[in-house]
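# Topology and contacts: notes
What follows is the residue order along each chain.
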Amino acid sequence: MSNRREAIPSGLPDRAGALRVVLSRFEGWLAGASMFFCLAVVSVEIVLRGVFNVSLQWSEELARYLLIWTTYWGATAATADNAHIRVELLVNLLGRKARLAAEIAILLLCAVGAAVFAWYGYGLVEDSRLLGLTSGDSNLAVPIWIFQSVIPMAFALMTVRLLLSVLHILRFGKIPRPEDELILEV
Amino acid sequence: MATFLTIVMIVLLMVGVPVPFALMLTGIGAVLTFGSTSLTTAAQAQFANLDSFVLLAIPFFILAANVMVRGKLAEYLFDVMHAIARPVAGGAAVGGAIASALFSAMSGSSVASAAALGRVTIPQLDRLGYPRVFSTGLMAAGGALGNLIPPSIVFVVYAAMAQVSVADLFIAGTIPGIMLAGMLALISWYFAKKNGWNPPERFSFSLLWTSFVRAAPALLMIFIILGGIYSGWFTPTEAAAVSAIYGIFVGLFVYRTLTLRDLPDIFVQSSKITGSMLFILATSVFIGMLATMAGIPEAIFAQVRAYELSAWQFLLLINVILLVLGTFLDGLTILVVLTPILLPSVKALGIDLIHFAIILTLNIEIAGITPPVGMNLFVISAVSKTPLDVVFRGSILFTAVMIIGLIIVTYVPGLSLLAL
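Residues numbered from 1 in each chain as written. Chains lettered and ligands numbered in written order. Predicted model: local features only at pLDDT ≥ 70, side-chain atom pairs only at ≥ 80, totals over all residues. Heavy atoms only, no water.

## So, the overall build of chain A
If you tally the helices and strands in chain A, you get five helices and zero strands. Mapped in sequence order, the helices and strands of chain A form the string α-α-α-α-α. Scored against the burial criterion, the 186 residues of chain A give a buried share of 53%. Counting only contacts in chain A whose residues sit at least 6 apart along the sequence, the fraction spanning at least 24 positions is 73%. (Helix = DSSP H or I, 4+ residues; strand = E, 2+ residues; numbered from the N terminus. Buried < 20%, exposed > 50% of the residue type's maximum accessible area, 1.4 Å probe, protein only. Contact = heavy atoms within 4.5 Å.)

In structure tokens form, the structure reads like this:
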């Protein structure tokens, strides 16, 4: 991982960096696994329909929820990598110090947004749980809060990620970016 | 207040706040000021905005693209098209343009097309004497066909937002896509002939045959995806799943460019790309909210009425605005921000929603190849190790070609709608 190569100026162990590594395995794994199961569910449905002419009533709904899981965990991983799409035109014009200050301000602003949705996302999950709501089409008799729970979890983790990036900038004077850039492996 | 929030959003985007967070922060601001809905509802709305079977096509197309970028499919496709185009001047560039169109017919992403083909063709074009300023521009523009030629991620996102059929969009994009590929091929032929790059070579049937056999699994994939969608055998989502599985199968067992151990990593990478794209779509729900609260779509339509704009004048104006926005914003952001705002006016002016989608998509293609911010230019520069300023200069000619294409597609709706 990238932070192994970074010099640690103070000589202290980079605990925040170590946490980043552990978290990125976790989010990446969850996002990738959600995507794998999503593909598996849709494929099984195609085979069942094409070969045996039967359809699983719940498969489409489950696939949709898995897509949402893929999205939020994938977005969390992208947050960790500082790989979200953004306009860098103006920040690129800044000098090094000003640029880092601007990046910290941006990261903190994003952290506020993520924290708000972690909190209200938790509220949403609580509401659904107390009302005993089940998933939309009710072909899948599973409480919807199980699927919705990705919102508070992912946003909470995003908040942590954004704050870790701030720490990283303060410590190493640069924005953390992993080698696995978001753009397709080229 | 709504005007203020709109300005806040633009400022947040411009100072470099990542797009989904800029949209989220604006949404929080809108909820707090207007108070007509709660933040809990806003959290729910994000979730609901993604709850669509149509959108499932996106991760699968990204997965398929990621598999193909790793494999040698792009190289084999280029070899076949080059073998066919050998007898004309600029045969390799013409082959590269056509191969871009074919790769686009397997991949839903223009960045993937540019990356995969740019990497294999640009070194070959170097060898035949094409300057980088030409070859990088060509391959960036060729990659941009990726969104117009089905399958296309942009179409899937638009279909989910505008509630139109993905299959219709896929059909509508085909002829404009082929037309643009033809224009790129024509330009390649013209410049190669004029400058004496890559003179005609002797046609060789054996070369064509061997390259065809190698490329056959790739060509079969195009047949499966497009044939499946056009015949109604698969929904676009299912076609995407089939293409991902077929791509993995071919990579593992036919071309052997993949091993089972690569797969977890491919899934993780693809899910990150999916996450960053669909997160923007999830948070775009706030644009819709803000626009509705502030009456922005109505205000725009009132202006359209006030100036008595006809459909063609409106489209001209939209094209100009999109071209300007496209120089610094990426295509997906343009798509999710503008679609909800513009659709009411589009409907009221009697413009076909499918035709409008094709115009919007073509603008997004152009956004990808216009400096200073153009995803395809960055990718081409990275894969071919060409300085960015050379790629930027190379993009000028091809942007001009694409704009001519845009004008034709805008004012000849039949190109998009005839096949429906």
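## Notes on the environment of A282 of chain B
Mapped onto the fold, A282 of chain B is located in helix α13 (residues 263-283). Taking the C-alpha atoms as reference points, A282 of chain B and S113 of chain B, 169 residues apart in sequence, are found 25 Å from one another. Residues in contact with A282 of chain B, not counting those within four places in the same chain, are Y72 of chain A together with Q46, N49 and L50 of chain B.

## Considerations on helix α10 (residues 166-195) of chain B
Residues and elements named next belong to chain B. The terminal C-alpha atoms of α10 lie 43 Å apart, and with 30 residues this matches the ideal 44 Å at 1.5 Å per residue to within 8%. Where α10 bends most, the angle comes to about 30°, and this point is T174, followed within four residues by the proline P176. Looking at where α10 begins, the residue whose side-chain oxygen comes 3.2 Å from the main-chain nitrogen of A167 is S165. Just past α10, the residue G196 takes up positive phi, approximately 70°. (Expected span 1.5 Å × (residues − 1). Bend = angle between axes of the 7 residues up to and from the residue. Polar contact = N/O pair within 3.5 Å; in protein donor to acceptor, adjacent residues only side chain to side chain.)

## Some points on a nonpolar patch on the surface
Residue and element names in this part refer to chain B. On the surface, a cluster of nonpolar side chains totalling about 570 Å² of accessible area is made up of W312, L316, V320, V324, I407 and Y411. For the nonpolar patch, the secondary structure elements donating two or more residues are α16 (311-328) and α20 (388-411). Element by element, the count of residues in the nonpolar patch is highest for α16, at four residues. Mapped onto the elements, L316 comes out in helix α16. (Patch = residues over 30% accessible without salt bridge, like charges linked within 9 Å, V, L, I, M, F, W, Y side chains within 5 Å. Areas by Shrake-Rupley, 256 points an atom, 1.4 Å probe, with all protein chains shown as cover. Salt bridge = Lys/Arg side-chain N within 4 Å of Asp/Glu carboxyl O.)

## Considering the packing of helix α11 (residues 205-230) of chain B against helix α12 (residues 236-254) of chain B
All names here are of chain B. Their axes nearest at 9 Å, the elements α11 and α12 cross at an angle of 165°. Considering the angle they form, α11 stands roughly antiparallel to α12. Handedness of the α11/α12 crossing: right-handed. For the pair α11 and α12, the contacting residues are P217, L220, M221, I224, I225 and I229 in the first and P236, A239, V242, S243, Y246, G247, V250 and V254 in the second. Across the contact of α11 with α12, the residue classes break down as twelve nonpolar, two polar and no charged. (Axes fitted to C-alpha atoms, helices over the stretch in contact; angles between N-to-C directions. Parallel < 35°, antiparallel > 145°, perpendicular 65-115°, else oblique. Left-handed = near helix turned anticlockwise from the far one by under 90°. Nonpolar A, V, L, I, M, F, W, Y, C, P; charged D, E, K, R; others polar.)

## A short note on the environment of L164 of chain A
Within the fold, L164 of chain A resides in helix α5 (residues 150-172). When the C-alpha atoms of L164 of chain A and P176 of chain A are compared, they prove to be 9.2 Å apart, with twelve residues separating the residues in sequence.

## A closer look at the interface of chain A and chain B
Size of an interface: often given as the accessible area lost when the parts come together. Tallying the contact residues gives 59 residues for chain A and 67 residues for chain B. Counting each side, the surface lost to burial between chain A and chain B is near 5500 Å², with a carbon and sulfur contribution of 79%. Taken together, the links from chain A to chain B amount to three salt bridges. Its salt-bridge partner being E238 of chain B, residue R49 of chain A comes within 3.0 Å of it at the nearest N-O pair. Our count for the contact surface shared by chain A and chain B stands at nine residue pairs in polar contact (both at pLDDT 80 or more). When contributions to the side of chain A that touches chain B are tallied by element, the ones reaching two or more residues are α1 (15-52), α2 (59-80), α3 (96-131), α4 (144-148) and α5 of chain A. With 14 residues, the top contributor of residues to the side of chain A that touches chain B is α2 of chain A. (Buried area = accessible area lost by both parts, 1.4 Å probe.)

## Some remarks on the confidence of the model for chain A
Residues and elements named next belong to chain A. Model confidence for chain A is summarised by a mean pLDDT of 82, while 82% of its residues fall at 70 or above. Looking across chain A, the model is least confident in α1, with a mean pLDDT of 85, and most confident in α3, with 94. In this model, residues 1-12 is a region of pLDDT below 50 whose contacts with residues beyond four sequence positions or in other chains number 25 contacts. Every residue in residues 179-186 is under pLDDT 50, and counting partners more than four places away or in other chains gives 27 contacts. (pLDDT = per-residue confidence, 0-100.)

## Examining the packing of aromatic side chains
By the definition in use, this model includes 24 aromatic pairs over all chains. An angle of 55° between the planes, with centres 5.6 Å apart, marks the rings of Y130 of chain B and W197 of chain B as tilted. With Y130 of chain B in the loop between α7 (110-127) and α8 (132-144) and W197 of chain B in the loop between α10 and α11, this pair connects stretches of sequence that are 67 residues apart. By relative accessible area, which is 3% here, Y130 of chain B ends up buried. Ring centres of W312 of chain B and Y411 of chain B lie 6.4 Å apart, and the angle between their planes is 70°; this geometry places the pair in the edge-to-face category. With W312 of chain B in helix α16 and Y411 of chain B in helix α20, the pair connects residues that are 99 residues apart, well separated along the chain. Among the aromatic residues, ring-to-ring pairing joins Y72, F117 and F155 of chain A together with F21, F279 and F286 of chain B into one connected group. (Phe/Tyr/Trp six-rings, centres within 6.5 Å; stacked < 30°, edge-to-face > 60°.)

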